[in-house]
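Chain residues, written in single-letter form:
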Protein chains: 2
Amino acid sequence: MFGARCLLRALRSCSSAPCPRHRPAARVSVRGALGVQNANGERVTVQGWIRSVRSQKEVLFLHVNDGSSLESLQVVADSSFDSRELAFGSSVEVQGQLVKSPSKKQNVELKAEKIEVVGNCDAKAFPFKYKERHPLEYLRQYPHLRCRTNILGSILRVRSEATAAIHSFFKPSSKIKVPEENFFNIPVFLTVSGQLHLEVMSGAFTQVFTFGPTFRAENSQSRRHLAEFYMVEAEISFLESLQDLMQVMESLFKTTAMTVLSNCPKDVELCHKFIAPGQKDRLEHMLKNNFLIISYTEAVEILKQASQNFTFTPEWGADLHTEHEKYLVKHCGDIPVFVINYPRALKPFYMRDNEDGPQHTVAAVDLLVPGVGELFGGSLREERCHFLEQRLARLGLTEAYQWYLDLRRFGSVPHGGFGMGFERYLQCILGIDNIKDVIPFPRFTHSCLL
Amino acid sequence: MFGARCLLRALRSCSSAPCPRHRPAARVSVRGALGVQNANGERVTVQGWIRSVRSQKEVLFLHVNDGSSLESLQVVADSSFDSRELAFGSSVEVQGQLVKSPSKKQNVELKAEKIEVVGNCDAKAFPFKYKERHPLEYLRQYPHLRCRTNILGSILRVRSEATAAIHSFFKPSSKIKVPEENFFNIPVFLTVSGQLHLEVMSGAFTQVFTFGPTFRAENSQSRRHLAEFYMVEAEISFLESLQDLMQVMESLFKTTAMTVLSNCPKDVELCHKFIAPGQKDRLEHMLKNNFLIISYTEAVEILKQASQNFTFTPEWGADLHTEHEKYLVKHCGDIPVFVINYPRALKPFYMRDNEDGPQHTVAAVDLLVPGVGELFGGSLREERCHFLEQRLARLGLTEAYQWYLDLRRFGSVPHGGFGMGFERYLQCILGIDNIKDVIPFPRFTHSCLL
């Protein structure tokens with residue numbers, strides 16, 4: 001069995017240009033080149049885009065980046081290579097030898113033997129200027145080019161890493177052998193999106209998840225809404241308490257963050273340093289503390305006793321607004337806080353009735369996090385057929401939801417699940433203020449640039 | 001750092017019911033229980049749905065399935081446990097001891113100490129009958145329940161496994177340490193779907209992929225079309241030949257199939273045995289042979305010389321129809337065949353001009369496979385700005401595609417990519433005739449049952 005890595009190695013060696021010294025120069029990524037320990041003249045070819053040019057009397061320095069890492073590879077060339085075409089933004093192929101760098105800034109540099117400009121870049125027309133740090137708002141105007149900047153590169157590498165981490169949270173690689181005494185197994189599932197559909201699957205598989213684009217026609221220009229966003233949804237059968245559900249939510253949040261921190265520390269550092277000073281400490285604070293749990297009723301009490309004046313007066317039975325969410329998180333010491341047991345009248349029909357009173361609640365849970373507000377929403381689902389029938393009848397939905405009632409008629413089980421907005425999650429760990437900067441092509445009201 | 005497996009183990013041991021013998025019974029999945037070697041009275045709790053009930057004079061046999069494997073766990077109980085509620089389709093929680101089974105049919109069985117019916121199932125109303133093998137067409141009427149059958153369970157487990165295999169083809173787990181001498185690295189990316197958008201990303205990252213739902217308003221009732229299907233798309237920068245692109249396509253096809261075969265052999269076997277006899281050999285034949293390559297021009301010649309009469313007369317410049325695709329695959333010995341270099345007039349503006357003549361072609365490639373026809377479509381992309389400008393001008397699209405031209409103005413690179421229909425891929429490896437059976441909730445023209 002040959003993996004992608006193997007294959008690409010093979011095809012690269014096939015297709016590399018004939019080499020003057022008879023040994024073909026292996027194509028390597030910038031990340032690969034930078035990772036070489038004790039470089040000793042290995043002949044390689046590197047391809048990428050020029051991020052900087054510095055021309056000295058006898059030497060020419062280029063920095064070449066191919067998106068594989070934040071760091072670029074320093075190319076050192078004889079000044080005879082100098083040409084106007086070697087400009088910021090051009091694509092190049094460089095053949096040469098990997099050597100130990102005399103500078104402390106990097107371990108390795110590439111001594112160029114051959115530099116080919118693959119595609120020119122007209123510096124005057126190119127919207128990004130050499131050595132300038134453009135604000136995120138400016139970059140947002142160029143959705144087709146902004147991924148070529150350091151900051152978007154880092155954000156998108158983190159996005160990719162977080163995506164992989166979420167997949168492996170739910171589906172540990174089957175190549176990892178489970179020790180015999182640990183005979184737990186998590187069957188998981190990718191399905192089309194939608195919680196009710198996940199519930200269908202959870203009637204046959206005990207843990208299911210889905211991760212994909214979700215569309216909302218929300219007429220909002222906020223910093224935390226998009227018309228198309230990505231959502232992680234999970235549903236767990238034979239689950240009987242919100243406590244159990246919250247453990248999975250907290251673990252998903254923390255495991256994913258720790259994987260990202262360990263796999264792309266430099267990308268995270270760039271965001272923390274230049275975009276969100278102080279975010280490093282805030283994230284550590286979130287990761288090392290247990291998330292808090294308060295009931296909706298307690299939350300309303302806290303808000304009523306607040307010295308702050310709210311635009312929307314807090315009141316039992318009313319929805320929590322962004323201003324309330326922010327206050328609650330602050331009040332809880334900037335630790336993510338689960339708010340549980342919401343008024344029945346506020347929540348959809350499928351949430352499990354707590355059968356309490358006189359203030360009637362359902363077993364719903366939202367996770368509020370610093371900076372972003374609501375990140376997760378979940379609940380136990382109503383698995384008791386007669387409760388659901390009554391509720392649907394009152395809403396006049398009985399006919400449309402026969403199929404949903406069927407799930408309770410035939411081998412019903414207690415179950416619960418949640419959804420997490422993926423872009424908000426990235427905002428939360430990186431400290432990125434505007435949701436439009438953590439998705440490659442943001443679509444929002446009256447705007448679909450690409 | 002605690003993984004999902006760890007966490008669920010923790011929460012399960014927290015929430016398990018108090019155990020009469022003071023040692024809590026660990027919750028295990030059916031797959032986990034079946035995997036126990038030399039069972040020796042381990043006390044466990046298993047939850048799932050009853051797949052069969054057999055009542056003998058003094059003993060009661062149940063088969064319990066929770067979706068974690070095709071095989072169910074045999075539960076052996078004293079006949080005093082017998083009750084009308086223990087019926088096909090009911091959900092149960094069984095506590096007991098895992099013991100070696102005296103039967104050769106299974107290694108392990110569960111000696112029940114306690115059986116709790118969690119949710120009843122009215123056998124008369126339940127659309128699936130005990131011990132009956134319902135045809136796929138019949139099951140299709142019950143999209144909310146069909147995942148509870150053996151065959152859909154198997155198909156969906158294969159779907160989940162293939163999804164994971166595709167992700168790991170493009171993004172090998174970062175936990176696997178790459179040996180030092182192998183310093184190739186594949187940066188990959190999940191983005192919104194769409195080839196032109198992937199091209200944007202490939203201007204900064206050298207290998208990108210996306211895998212998600214795609215929507216087509218095709219008015220087709222065929223066995224291989226859906227209004228919503230899943231597509232894998234990849235784009236590779238600095239790639240200069242169709243040969244290189246085809247190597248990646250062939251490798252994706254074969255690596256994914258081999259991973260699925262090795263990770264869920266029983267599920268694949270069930271499909272091959274009951275749905276598509278002969279498919280096992282057909283798949284092996286595809287996997288062990290190199291895929292073939294013919295040009296479009298050669299393909300038309302082959303079709304012209306065919307003894308068969310086609311509804312659409314084969315002619316240079318006309319599209320290949322399903323009947324042609326089928327003939328070509330048959331002609332090539334039922335091995336997948338790449339058809340390359342299509343007439344320029346048939347293909348979209350972004351495909352790379354081969355600058356040949358008088359029959360003008362572009363560097364496009366389709367992969368045709370037995371049973372399904374077109375599975376992959378791809379091409380080299382036109383990276384030369386003036387070629388693209390001319391083509392867009394002739395189509396009157398210059399204004400709308402300024403952003404796409406920008407990608408060629410600023411550091412353009414040769415590149416190419418492809419898309420693979422995921423449902424068709426599953427059809428191809430499993431031998432499933434109708435595409436509606438390999439996706440949890442099929443949406444097609446005038447039908448959106450769920």
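Residues numbered from 1 in each chain as written. Chains lettered and ligands numbered in written order. Predicted model: local features only at pLDDT ≥ 70, side-chain atom pairs only at ≥ 80, totals over all residues. Heavy atoms only, no water.

**What about the overall build of chain A?**
Looking only at helices and strands, one finds 13 helices and 13 strands in chain A. Looking at the 450 residues of chain A, the share that counts as buried comes to 62%. Counting only contacts in chain A whose residues sit at least 6 apart along the sequence, the fraction spanning at least 24 positions is 63%. Carbon and sulfur atoms make up 51% of the accessible area of chain A, which amounts to about 19,100 Å² in all. (Helix = DSSP H or I, 4+ residues; strand = E, 2+ residues; numbered from the N terminus. Buried < 20%, exposed > 50% of the residue type's maximum accessible area, 1.4 Å probe, protein only. Contact = heavy atoms within 4.5 Å. Areas by Shrake-Rupley, 256 points an atom, 1.4 Å probe, with all protein chains shown as cover.)

**Side note on unusual backbone geometry**
In this model, A:Gly357 is joined to A:Pro358 through a cis peptide bond whose omega is 0°. Looking at the secondary structure, you find A:Pro358 in the loop between strand 10 (337-343) and strand 11 (361-369). Even without being glycine, B:Asn38 reaches a positive phi, approximately 50°. Along the polypeptide, B:Asn38 turns up in the loop between helix 2 (30-34) and strand 2 (40-55).

**Observations concerning the side chain of B:Arg51**
Residues and elements named next belong to chain B. When you line up the elements, Arg51 lands in strand 2. With no salt bridge to any partner, buried Arg51 finds its closest opposite charge in Asp66, at an N-O distance of 8.4 Å. Here the side chain of Arg51 touches Asn150 through a polar contact of 2.7 Å, side chain to side chain. Apart from the residues within four sequence positions on either side, Arg51 is in contact with His63, Asn65, Ser72, Phe88, Tyr130, Arg148, Thr149 and Asn150. (Lys, Arg positive; Asp, Glu negative; His and termini not counted. Salt bridge = Lys/Arg side-chain N within 4 Å of Asp/Glu carboxyl O. Polar contact = N/O pair within 3.5 Å; in protein donor to acceptor, adjacent residues only side chain to side chain.)

**A few points about helix 11 (residues 385-395) of chain A**
All names here are of chain A. Listing the buried residues of helix 11 in full gives Cys385, Phe387, Leu388, Arg391 and Leu392. Relative to the axis of helix 11, the buried residues are bounded by an arc of 160° and lie together on one face. In the core, the buried residues of helix 11 are packed alongside strand 11 and helix 12 (402-409). Gly396 sits one or two positions beyond helix 11 and adopts a positive phi of about 70°. (Arc of directions from axis to C-beta.)

**Some remarks on the nonpolar core**
In terms of nonpolar packing, the biggest core is built from 106 residues, with A:Tyr404, B:Phe170, B:Leu252, B:Phe253, B:Phe376 and B:Phe418 touching the most fellow members. One finds A:Cys271, A:Phe291, B:Leu328 and B:Tyr404 within the second-largest nonpolar core, a separate group that totals 105 residues. (Core = buried A, V, L, I, M, F, W, Y, C linked by side-chain atoms within 4.5 Å.)

**A word on the packing of aromatic side chains**
This model, assessed by the stated rule, comprises 48 aromatic pairs over all chains. Between A:Phe310 and A:Tyr327, the ring centres sit 5.6 Å apart and the planes meet at 90°, which makes this aromatic pair edge-to-face. Here A:Phe310 is found in the loop between helix 9 (296-304) and helix 10 (322-331), whereas its partner A:Tyr327 is found in helix 10, with 17 residues between them in sequence. Residue classification places A:Tyr327 among the buried residues on the basis of a relative accessible area of 19%. Seen in terms of ring centroids, B:Phe88 and B:Phe126 are 5.9 Å apart; in terms of plane orientation they differ by 70°. Their pairing is edge-to-face. A residue pair is termed long-range when its members are at least 10 positions apart, and B:Phe88 in the loop between strand 4 (73-78) and strand 5 (91-100) and B:Phe126 in the loop between strand 6 (108-119) and helix 3 (136-139) qualify at 38 residues. (Phe/Tyr/Trp six-rings, centres within 6.5 Å; stacked < 30°, edge-to-face > 60°.)

**Structural notes on the environment of B:Arg27**
Of note, B:Arg27 is situated in strand 1 (residues 26-28). Engagement of the side chain of B:Arg27 in a polar contact is seen with the backbone oxygen of A:Phe238, the distance being 3.1 Å.

**Some words on the pairing of strand 13 (residues 415-421) of chain A**
All names here are of chain A. Most of strand 13 sits out of view: 7 of its 7 residues are buried. Burial along strand 13 is two-sided: the face carrying His415, Gly417, Gly419 and Gly421 and the face carrying Gly416, Phe418 and Met420 are both buried. Where strand 12 (residues 373-381) and strand 13 come together, 6 bridges link them in antiparallel fashion. Considered in strand 13, the bridge of Phe376 is made with Met420. (Pairing = 2+ DSSP bridges.)

**Topic: the environment of A:Ser72**
Residue and element names in this part refer to chain A. When you line up the elements, Ser72 lands in the loop between strand 3 (59-65) and strand 4 (73-78). Along the chain, Ser72 and Leu34 lie 38 residues apart, while their C-alpha atoms are 8.4 Å from each other. Leave out the neighbours within four places in its chain, and Ser72 touches Val30, Leu34, Arg51, His63, Val64 and Asn65. At 3.3 Å, the side chain of Ser72 and the side chain of Asn65 are in polar contact.

**Comments concerning the packing of helix 8 (residues 279-288) of chain A against helix 13 (residues 422-430) of chain A**
All names here are of chain A. Relative to each other, helix 8 and helix 13 sit at 110°, their axes nearing to 8 Å. Taken as axis vectors, helix 8 and helix 13 run roughly perpendicular relative to one another. Of the residues in helix 13, those touching helix 8 at Gln279, Leu283 and Met286 are Cys428, Ile429 and Leu430. Across the contact of helix 8 with helix 13, the residue classes break down as 5 nonpolar, 1 polar and no charged. (Axes fitted to C-alpha atoms, helices over the stretch in contact; angles between N-to-C directions. Parallel < 35°, antiparallel > 145°, perpendicular 65-115°, else oblique. Nonpolar A, V, L, I, M, F, W, Y, C, P; charged D, E, K, R; others polar.)

**Some words on the pattern of salt bridges**
Residue and element names in this part refer to chain A. For the structure shown, the criterion picks out 40 salt bridges over all chains. The salt bridge involving Arg408 is made with Glu199; its shortest N-O contact spans 2.7 Å. Here Glu199 lies in helix 5 (residues 195-201) and Arg408 lies in helix 12, a separation of 209 residues in the sequence. Considered together, Arg408 and Glu199 belong to a single accessibility category, that of buried residues. The partner of Asp353 in a salt bridge is Arg344, and the shortest N-O contact between them spans 3.3 Å. The buried category is assigned to Arg344, whose relative accessible area is 18%.

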